[in-house]
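Topology and contacts: notes
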Amino acid sequence: MQKINELSDLPLEILAMITGYLEPVERAYLRGMSRKFRAVDDIEVLYHSQILVKYTPSSLMLCANEKKFFYDHHDKIDPFDRFTQAFRHPKLQLGALILELSSQVPLEKREKLLSCLPPSLHVKIVFIDASPDETFKVVSSLKQEALERIAVKGCPVKLANVFETEQFKQAKHTNVACEKVRTKDFPNFFNLRNFHIQVTSLSLNQFRNLRDNLAKNPAFESCRLKVTIFRRSEFAAGLGLEHDQDNIIQRHPIPGSIGYLETEIKNDGLFIKRK
């Protein structure tokens, strides 16, 4: 019987079983210790249902599935090398990637983090909360054939180049989230498929203008409007709807179509979707 002195002396199938239980950072550490582990790890697809990366002024966090790795900015350990190894696995596939980069983190540090990402990333669902330039860089690196859903955050005008990428155009589902929107900025959202915005107030005329223009967009699917100052019963009454019920719904026919836009009036705003 062969004597085993080191972990790397184990048969390849056993080593493959061991690496299968490890998270990205752990695998990256092991890959750096042994060429044999690296060779075994390179053969198999590395799949994670979700990876969350959150970079704040105080810390950098990597959450793979349910396991979290925190790096305090005061730590002597440089996390970027580990991040690079974790994301540069040759057969990495992700169910979802959530990337949150605070604008309060120095630009050079955010750029260093983004440089850890591979030039071509296989992921089905991605949510990005970053600057427009950073969002464009990440979206442009996504594999089109794998991508199903993209959600980005920011002003549509500043994200215009993101919307022009083939990744955004070909994704089955897209969503844009934007806070503190002014009603005069509504035209920026008329041509989007899905969006989620927050406004301070909303008049009936402003709502009608938004609804009528969304009805002209054949790609429109749904939108959510959160309104800071909003009186549900008064808004419903202004539209001639009964307001003493749980679900207040208005249906607006789409010109030249058998479909309609359905507006649900909620306690904190509206939800509009195509039917």
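Residues numbered from 1 in each chain as written. Predicted model: local features only at pLDDT ≥ 70, side-chain atom pairs only at ≥ 80, totals over all residues. Heavy atoms only, no water.

The name an unreviewed UniProt entry gives the protein chain is F-box domain-containing protein, with Caenorhabditis latens as the organism.

1. Describing the overall build of the protein chain
Stated formally: Think of it this way: any DSSP run of H or I at least four residues long counts as a helix, any run of E at least two long counts as a strand, and we number them from the N terminus. By definition, residues are in contact when any of their heavy atoms lie within 4.5 Å. Here, Shrake-Rupley sampling with a 1.4 Å probe gives the accessible areas, and only protein chains in the shown set may cover a residue.
Scanning the protein chain from N- to C-terminus turns up ten helices and 13 strands. Residue pairs at least 24 apart in sequence account for 57% of intrachain contacts in the protein chain once pairs closer than 6 positions are excluded. On the protein chain, roughly 15200 Å² of surface is accessible, and the fraction owed to carbon and sulfur atoms is 50%.

2. Quick look at the pattern of salt bridges
Going by this rule: The salt bridge criterion pairs a side-chain nitrogen of Lys or Arg with a carboxyl oxygen of Asp or Glu, the two atoms within 4 Å. Only protein chains enter the accessibility calculation, which uses a 1.4 Å probe; a residue is then buried when its area is under 20% of its type maximum, exposed when over 50%, and partly exposed in between.
Under the criterion given, the structure shown has ten salt bridges. For the salt bridge of glutamate 264 with lysine 266, the shortest nitrogen-to-oxygen distance reads 3.6 Å. A relative accessible area of 26% means that lysine 266 is categorised as partly exposed. A network of salt bridges, in which partner residues are shared, links Asp129, Lys153 and Glu179.

3. Let's talk about helix 9 (residues 204–215)
We count it as follows: Helix span is expected to be 1.5 Å times the residue number reduced by one.
The end-to-end C-alpha separation of helix 9 is 16 Å, in line with the 16 Å expected for twelve residues at 1.5 Å each. Three or more residues of helix 9 are buried, namely Phe207, Leu210, Arg211, Asn213, Leu214 and Ala215.

4. Some thoughts on the pairing of strand 3 (residues 59–64)
Worth spelling out the cut-off: Any two strands with at least two DSSP bridges between them are considered paired.
Taken across its six residues, strand 3 has six buried, putting it largely inside the fold. What you see with strand 3 is no split at all: Ser59, Met61 and Cys63 on one side and Leu60, Leu62 and Ala64 on the other are buried throughout. In terms of strand pairing, strand 2 (residues 51–55) meets strand 3 through five bridges, oriented antiparallel. Within the sheet, the bridge partner assigned to leucine 52 lies in strand 3 and is cysteine 63.

5. Considering the nonpolar core
Put simply, the test is: Throughout, nonpolar core names a set of buried Ala, Val, Leu, Ile, Met, Phe, Trp, Tyr and Cys residues whose side chains join them through atoms within 4.5 Å.
In terms of nonpolar packing, the biggest core is built from 68 residues, with Val53, Phe83, Phe87, Phe186, Phe195, Leu225 and Ile265 touching the most fellow members. The element contributing the most residues to this core is strand 5 (residues 92–101), with five residues.

6. A few points about the packing of aromatic side chains
Put simply, the rule reads: Only rings of Phe, Tyr and Trp enter the pairing, Trp through its six-membered ring, and a pair is recorded when the two centres are within 6.5 Å. The plane angle decides the type: under 30 degrees is stacked, over 60 is edge-to-face, the rest tilted.
Tallied over the full model, the rule gives five aromatic pairs. Taking 6.4 Å as the distance between ring centres and 50 degrees as the angle between the ring planes, the aromatic pair formed by phenylalanine 195 and phenylalanine 220 counts as tilted. Pair noted here: phenylalanine 195 is in strand 9 (residues 194–199) and phenylalanine 220 is in the loop between helix 9 and strand 10 (222–227), with a separation of 25 residues, a long-range link. An aromatic cluster of three or more residues is present, and its members are Phe189, Phe195 and Phe220.

7. Concerning the environment of leucine 52
Looking at where leucine 52 falls in the secondary structure, it is placed in strand 2. The sequence separation of leucine 52 and valine 126 amounts to 74 residues, and the corresponding C-alpha distance is 9.9 Å. With residues near it in sequence (within four places) discarded, leucine 52 still touches Met61, Leu62, Cys63, Ile98 and Glu100.

8. Overview of unusual backbone geometry
A positive phi angle, close to 55 degrees, is found at lysine 180, a residue other than glycine. With respect to the element layout, lysine 180 can be found in the loop between strand 8 (173–178) and strand 9. Lysine 180 sits in the exposed class, given a relative accessible area of 75%.

9. Observations regarding the environment of glutamate 66
The topology assignment puts glutamate 66 in the loop between strand 3 and strand 4 (67–72). Residue glutamate 66 is classed as exposed on the basis of its relative accessible area, which comes to 79%. Sequence separation between glutamate 66 and leucine 52 is 14 residues, and the spatial gap between their C-alpha atoms is 9.8 Å.

10. Overview of the side chain of asparagine 194
The condition that has to hold: Contacts described as polar in this section are N or O atom pairs within 3.5 Å, which, within protein, must combine one atom able to donate a hydrogen with one able to accept it, while residues neighboring in sequence count only if both atoms come from side chains.
Mapping asparagine 194 onto the fold places it in strand 9. Within the structure, the side chain of asparagine 194 is placed 3.0 Å from the side chain of glutamate 221, a separation counted as a polar contact. The residues touching asparagine 194, leaving out its near neighbours within four places in the chain, are Thr174, Asn175, Val176, Glu221 and Ser222.

11. Considerations on the packing of helix 5 (residues 107–114) against helix 6 (residues 132–140)
The cut-off we apply is this: The angle between two axes is taken between their N-to-C directions and runs from 0 to 180 degrees, where each axis is a line fitted to C-alpha atoms and a helix contributes only its stretch in contact. Angles are sorted into four bins: roughly parallel if under 35 degrees, roughly antiparallel if over 145, roughly perpendicular if 65 to 115, and oblique for all others. Ten residue types, Ala, Val, Leu, Ile, Met, Phe, Trp, Tyr, Cys and Pro, are classed as nonpolar, four, Asp, Glu, Lys and Arg, as charged, and the remainder, Gly among them, as polar.
Interaxial distance between helix 5 and helix 6 falls to 12 Å at its minimum, and their mutual angle equals 5 degrees. Taken together, the axes of helix 5 and helix 6 lie roughly parallel to each other. Each of Leu107, Arg110 and Leu114 in helix 5 lies in contact with helix 6, whose residues at this interface are Glu134, Lys137 and Val138. Split by residue class, the contact of helix 5 with helix 6 holds three nonpolar, no polar and three charged.

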